[in-house]
Amino acid sequence: MEPLERLEKLLDKEQFEKIKAIDSPELHAFLADWIEWLEPDKVFVCTDSEEDEQYVRWKALYYGEEKMLETPNHTVHYDNYYDQARDKANTAILLPGGKKLPYINTKDRDEGLKEIRELMRGVMKGKELFICFFVLGPKNSIFTIPAVQLTDSAYVAHSEFILYRKGYEEFKRLGRQAKFFRFVHSAGELDERKTSKNLDKRRIYIDLEDETVYSVNTQYGGNTIGLKKLAFRLTIKRAVEEGWLSEHMFLMRVNGPHGRKTYFTGAYPSMCGKTSTAMIPWENIVGDDLTFILPVNGVARGANVEKGVFGIIQGVNPEDDPIIWQVLHSPVEIIFSNVLVKDGKPYWNDMGVPIPDEGENHSGKWWRGKKDKEGNEIPPSHKNARFTVSLEHFPNADLEALENPCGVEIGGMIFGGRDADTWPPVREAFDWEHGVITMGASLESETTAATLGKEGVRAFNPMAILDFMSVHLGDYLRNYLEFGRKLRKSPKIFAVNYFLRDEKGNWLNHKLDKAVWLKWMELRVHGDVDAIETPIGYIPKYEDLKRLFKEVLNKEYTREAYERQFTIRVPELLAKIDRIEEIYRKLDNVPEELFQVLEEERKRLLEAREKYGDYISPFIFEGA
Ligand SMILES: Nc1nc2c(ncn2[C@@H]2O[C@H](COP(=O)(O)OP(=O)(O)OP(=O)(O)O)[C@@H](O)[C@H]2O)c(=O)[nH]1
Ligand SMILES: O=C([O-])CC(=O)C(=O)O
Ligand SMILES: [Mn+2]
């Protein structure tokens, strides 16, 4: 039977008409196959109408995946206590013939497909299937990629309406031309709290060949929201094949002197400051997690893949994050996940106001001192608890940049991670290659609660993207290096480190100091200030930072603080180069210039040590 005929039998008339309006036999076949396989009781097809979106919102409440909070338009969603973060161990890239790729969890494609299909057979019996259409990137633009999501979780569909641009009309417009991504998700069997039950059978499999991702027995957004980190694996591959960049980066506007607007991207691993940076007062946010960068007439132009924020809520407080705080306390549409709720109000760790001693949270009924099965005390909210909200509600969102079908010109690209003792707070690369290799490709960061497993372990994480990598690292880096060469004017590359500590473990910087680093980088993009040349790149001059600290934060910045933060730590830097080189030596197919650039940096550090010792004050380089 033809797919459309099968669909006519599977769907009620109204839903069938919505599908039939899209002229795509490929889509019809995909839908017919999967609806027959998943066996939902009911199917709902979402168009771009407000009515259909409203239906999904309501179903999330009706099925108990979300509950209303006191403030209108606010809801709370819980994931299973053991389903609070991305599950790296059970996420795999499917590759034909059991091919392996370094640093990537791979699985034989046939085996993986067989396994996941088995797990999904009839999994939606008794449930409703939502079929949703979205696009990645701004609509009708050089960045746009259409995607269809099948899910039995109204929470997942609801989250996607907040986070992505609607795509039903785009599917209709493109018809057979659409080269679309597909996502098939089922939360699986649910427990009485409406959280996924069969976590031992949690699987997330990415099929690059069919550009399809399957996810089952999980609800946590990072494992389930197709257009977010699942699509990301697919776009990384497309980008490498087509010569552009798909990155784990925020996109923001830094406001320079006399109304000058300069756009920056920043790649930091999960829970390492992308949202906090893009949301910093004084500047404007375009995106906080995923950016596409295309070469357009010799210029790097970037666009936010998304239109909303799935942000970490722990630590959001009125002083450090006034804008997020304000939005979270206004009656706009927000899903809070895995927070503490008491009398209809959400609470989270380190929110800077008193938190009740009991309520409901990700562990069920909660009271202070409650322990989990492992004997660990359960905090009020999970460390990876999040809020989901559209960017349009943020007073600091640069909506023009967000919707620009040509994206915005990127002036600077920043790399950073959790690094207690090696990199200075901010520095600028000598050039594209130097930045890509010694900053991006050499990124290391301590692990966080955004993934299941141990926290605080220093880990190699090139471009903050390793968790999502879907191609050989060598091919990825070669594409990066070539990308810069295609440009008339390549963005300047910078590295930041917000997480330096002293011997006692205290932070060397305040959370808002990044505002100063951003202003300095903006000036550097336009050559407005000089800098000090060191073996690892250019660092700011004390006088410039002193002035900026005063102007931006109204703070005195002492020579002692500067010297401590910007000391060039030669032993740590050399040890890092050794670690990174060793990693890349073990891989085949790494661009040769990576080793040259690392070797040059090592030589500069050794020469400096010869002259000035292990720990070199920035004032020494300034005088040299
Ligand atoms: N010490 C310190 N902590 C910071 C700083 N900036 C951000 N953080 C902390 O870093 C954590 C997460 O930061 P986010 O900005 O939400 O992380 P993200 O990079 O957007 O993460 P994902 O959404 O997981 O990709 C929060 O717990 C912040 O409190 C800083 O300058 N200093
Ligand atoms: O994908 C997620 O779960 C949230 C996120 O941004 C990340 O972990 O980088
Ligand atoms: Mn992220």
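Residues numbered from 1 in each chain as written. Chains lettered and ligands numbered in written order. Predicted model: local features only at pLDDT ≥ 70, side-chain atom pairs only at ≥ 80, totals over all residues. Heavy atoms only, no water.

- Under an unreviewed UniProt entry, the name given to the protein chain is Phosphoenolpyruvate carboxykinase [GTP], and the organism recorded is Thermococcus gorgonarius.
- Within the UniProt record for the protein chain, the comment given under Subcellular location (unreviewed entry) is "Cytoplasm".
- What the UniProt record of the protein chain gives under Catalytic activity (unreviewed entry) is the line "oxaloacetate + GTP = phosphoenolpyruvate + GDP + CO2". (UniProt positions renumbered as here; feature names shortened; annotations may be inferred.)

Looking at the domain arrangement of the protein chain
Next up, step 1: Per the domain assignment, the segments making up the protein chain are domain 1 (3-64 + 86-242), domain 2 (245-303 + 401-621) and domain 3 (310-392).
Next up, step 2: In total, domain 2 and domain 3 occlude about 1,100 Å² of area from one another, counting both sides; carbon and sulfur atoms represent 66% of this.
Next up, step 3: It is Met271, Met279 and Lys511 in domain 2 that bury the most area against domain 3; as a group they hold 38% of the surface buried on that side.
Next up, step 4: Across the pair Lys511 and Asp321 runs a salt bridge whose closest N-O atoms are separated by 4.0 Å.
Next up, step 5: On the surface where domain 2 and domain 3 come into contact, there are 1 residue pair in polar contact (both at pLDDT 80 or more).
Next up, step 6: The biggest single contributor to the side of domain 2 that touches domain 3 is strand S15 (residues 284-287), with 3 residues.
Next up, step 7: The class makeup of the residues in the side of domain 2 that touches domain 3 is 9 nonpolar, 3 polar and 2 charged. (Domains from an automatic or database assignment. Buried area = accessible area lost by both parts, 1.4 Å probe. Salt bridge = Lys/Arg side-chain N within 4 Å of Asp/Glu carboxyl O. Polar contact = N/O pair within 3.5 Å; in protein donor to acceptor, adjacent residues only side chain to side chain. Helix = DSSP H or I, 4+ residues; strand = E, 2+ residues; numbered from the N terminus. Nonpolar A, V, L, I, M, F, W, Y, C, P; charged D, E, K, R; others polar.)

Comments concerning the pattern of salt bridges
Next up, step 1: This structure, assessed with the given rule, holds 64 salt bridges.
Next up, step 2: A salt bridge links Asp152 to Lys127; the shortest N-O distance between them is 3.2 Å. Separated by 25 residues along the polypeptide, Asp152 in the loop between strand S7 (145-151) and helix H6 (154-163) and Lys127 in the loop between helix H5 (109-120) and strand S6 (128-136) bring together distant segments of the chain.
Next up, step 3: Here Arg547 makes a salt bridge to Asp544, at a shortest N to O gap of 3.6 Å. A residue pair is termed a helical-turn pair when its members lie 3 or 4 positions apart in one helix, as Arg547 and Asp544 do in helix H16 (residues 542-553) at 3 residues.

Some words on helix H1 (residues 3-10)
Side chains of residues three or four places apart in an α-helix project in the same direction, reflecting 3.6 residues per turn.
Next up, step 1: Of the residues making up H1, those classed as buried are Pro3, Arg6 and Leu7. Viewed along the axis of H1, the buried residues span an arc of 100 degrees, placing them on a single side of the element.
Next up, step 2: The secondary structure elements touched by the buried residues of H1 are helix H2 (13-20) and helix H3 (25-38). (Buried < 20%, exposed > 50% of the residue type's maximum accessible area, 1.4 Å probe, protein only. Arc of directions from axis to C-beta. Contact = heavy atoms within 4.5 Å.)

Some details on the environment of Leu328
Next up, step 1: Relative to the elements of secondary structure, Leu328 occurs in helix H11 (residues 322-328).
Next up, step 2: Residue Leu328 is classed as buried on the basis of its relative accessible area, which comes to 4%.
Next up, step 3: Sequence spacing of Leu328 and Ile285 is 43 residues, and the spatial spacing of their C-alpha atoms is 16 Å.
Next up, step 4: For Leu328, the residues in contact, after removing those within four places along its chain, are His74, Ile313, Val316, Ile334, Phe336, Trp348 and Phe387.

A closer look at the state of the cysteines
Next up, step 1: For the coordinates displayed, the defined rule picks out 0 disulfides.
Next up, step 2: Free cysteine Cys46: the closest other cysteine sulfur is in Cys132, separated by 3.7 Å.
Next up, step 3: Taking relative accessible area as the criterion, Cys46 reaches 1% and is therefore assigned buried.
Next up, step 4: A relative accessible area of 0% places Cys132 in the buried class. (Disulfide = S-S within 2.5 Å.)

Quick notes on the nonpolar core
Next up, step 1: Judged by nonpolar contacts, the single largest core of 172 residues is most densely connected at Phe394, Tyr476, Tyr480, Trp517, Met521 and Tyr584.
Next up, step 2: A total of 8 residues in this core trace back to one element, the largest contributor, which is helix H9 (residues 226-242).
Next up, step 3: Of all hydrophobic cores here, the second largest spans 35 residues; its members include Ile22, Ala32, Ala92 and Phe171. (Core = buried A, V, L, I, M, F, W, Y, C linked by side-chain atoms within 4.5 Å.)

As for the UniProt feature "domain: Phosphoenolpyruvate carboxykinase C-terminal P-loop" (unreviewed entry) in the protein chain
Next up, step 1: Per the UniProt record, "domain: Phosphoenolpyruvate carboxykinase C-terminal P-loop" (unreviewed entry) is annotated on residues 244-604.
Next up, step 2: The span residues 244-604 is 28% helix and 25% strand, and its two end C-alpha atoms sit 32 Å from each other.

Quick notes on the site of ligand 2
Next up, step 1: In the region of ligand 2, the neighbouring residues are Arg86, Tyr220, Gly222, Lys228, Lys229, His248, Ser270, Asp289, Phe310, Arg386 and Ala450.
Next up, step 2: One of the side-chain nitrogen or oxygen atoms of Arg86 is found 3.0 Å away from an oxygen atom of ligand 2.
Next up, step 3: In this structure, an oxygen atom belonging to ligand 2 sits 3.3 Å away from a side-chain N or O atom of Asp289.
Next up, step 4: If ligand 2 stood free it would expose 260 Å²; the protein chains cover 98% of that surface.
Next up, step 5: Here the shell around ligand 2 is built from residues that sort into 3 nonpolar, 3 polar and 5 charged. (Near = heavy atom within 4 Å. Areas by Shrake-Rupley, 256 points an atom, 1.4 Å probe, with all protein chains shown as cover.)

Some points on the coordination of the manganese ion (ligand 3)
Next up, step 1: Looking at the manganese ion (ligand 3), the protein donor atoms are Lys229 (NZ), His248 (NE2) and Asp289 (OD), and they sit 2.1 to 2.5 Å from it.
Next up, step 2: Geometry at the manganese ion (ligand 3) is octahedral, judged from the 6 donor atoms that bind it and their angles of 70 to 174 degrees at the metal.
Next up, step 3: Spacing between the donor residues of the manganese ion (ligand 3) along the chain follows K-x18-H-x40-D. Placement of the pair is Lys229 in helix H9 and His248 in the loop between strand S12 (245-247) and strand S13 (250-255), with a sequence separation of 19 residues.
Next up, step 4: Relative accessible area serves as the criterion here: at 1%, His248 is assigned to the buried category. (Donors = N, O, S within 2.8 Å, 3.2 Å for Na, K, Ca; no water. Tetrahedral: all angles 85-135°; square planar, octahedral: opposite > 155°, others 65-115°.)

Remarks on the site of ligand 1
Next up, step 1: Close contacts around ligand 1 come from 18 residues, with Met271, Lys274, Thr275, Ser276 and Arg386 the closest.
Next up, step 2: Ser276 is positioned such that a nitrogen or oxygen atom in its side chain is 2.7 Å from an oxygen atom of ligand 1.
Next up, step 3: Measuring from an oxygen atom of ligand 1, one finds a side-chain N or O atom of Arg418 at 3.2 Å.
Next up, step 4: Out of a free accessible area of 670 Å², ligand 1 has 90% covered by protein chains.
Next up, step 5: It is helix H10 (residues 274-278) that contributes the most residues to the shell around ligand 1, 3 residues altogether.
Next up, step 6: Residue composition of the shell around ligand 1, grouped by class: 7 nonpolar, 5 polar and 6 charged.

Concerning the packing of helix H13 (residues 432-440) against helix H14 (residues 473-485)
Next up, step 1: Closest axis-to-axis distance for the H13/H14 pair is 9 Å, and the angle between their directions is 160 degrees. Between H13 and H14, the crossing angle belongs to the class labelled roughly antiparallel. Here H13 and H14 pass one another in a crossing that is right-handed. Counted together, Trp432, Glu433, Val436 and Ile437 of H13 and Tyr480, Leu481, Phe483, Gly484 and Arg485 of H14 form the full contact between these two elements.
Next up, step 2: Taken together, the residues of the contact of H13 with H14 break down into 6 nonpolar, 1 polar and 2 charged. (Axes fitted to C-alpha atoms, helices over the stretch in contact; angles between N-to-C directions. Parallel < 35°, antiparallel > 145°, perpendicular 65-115°, else oblique. Left-handed = near helix turned anticlockwise from the far one by under 90°.)

Quick word on the pairing of strand S9 (residues 181-186)
Next up, step 1: Within S9, 6 of the 6 residues are buried, which leaves the element mostly enclosed by the surrounding structure.
Next up, step 2: Neither face of S9 is exposed, since Phe181, Phe183 and His185 on one face and Arg182, Val184 and Ser186 on the opposite face are all buried.
Next up, step 3: For S9 and strand S11 (residues 212-216), the ladder comprises 5 bridges, and the chain directions are parallel. Counterpart to Phe183 in the pairing with S11 is Val213. (Pairing = 2+ DSSP bridges.)

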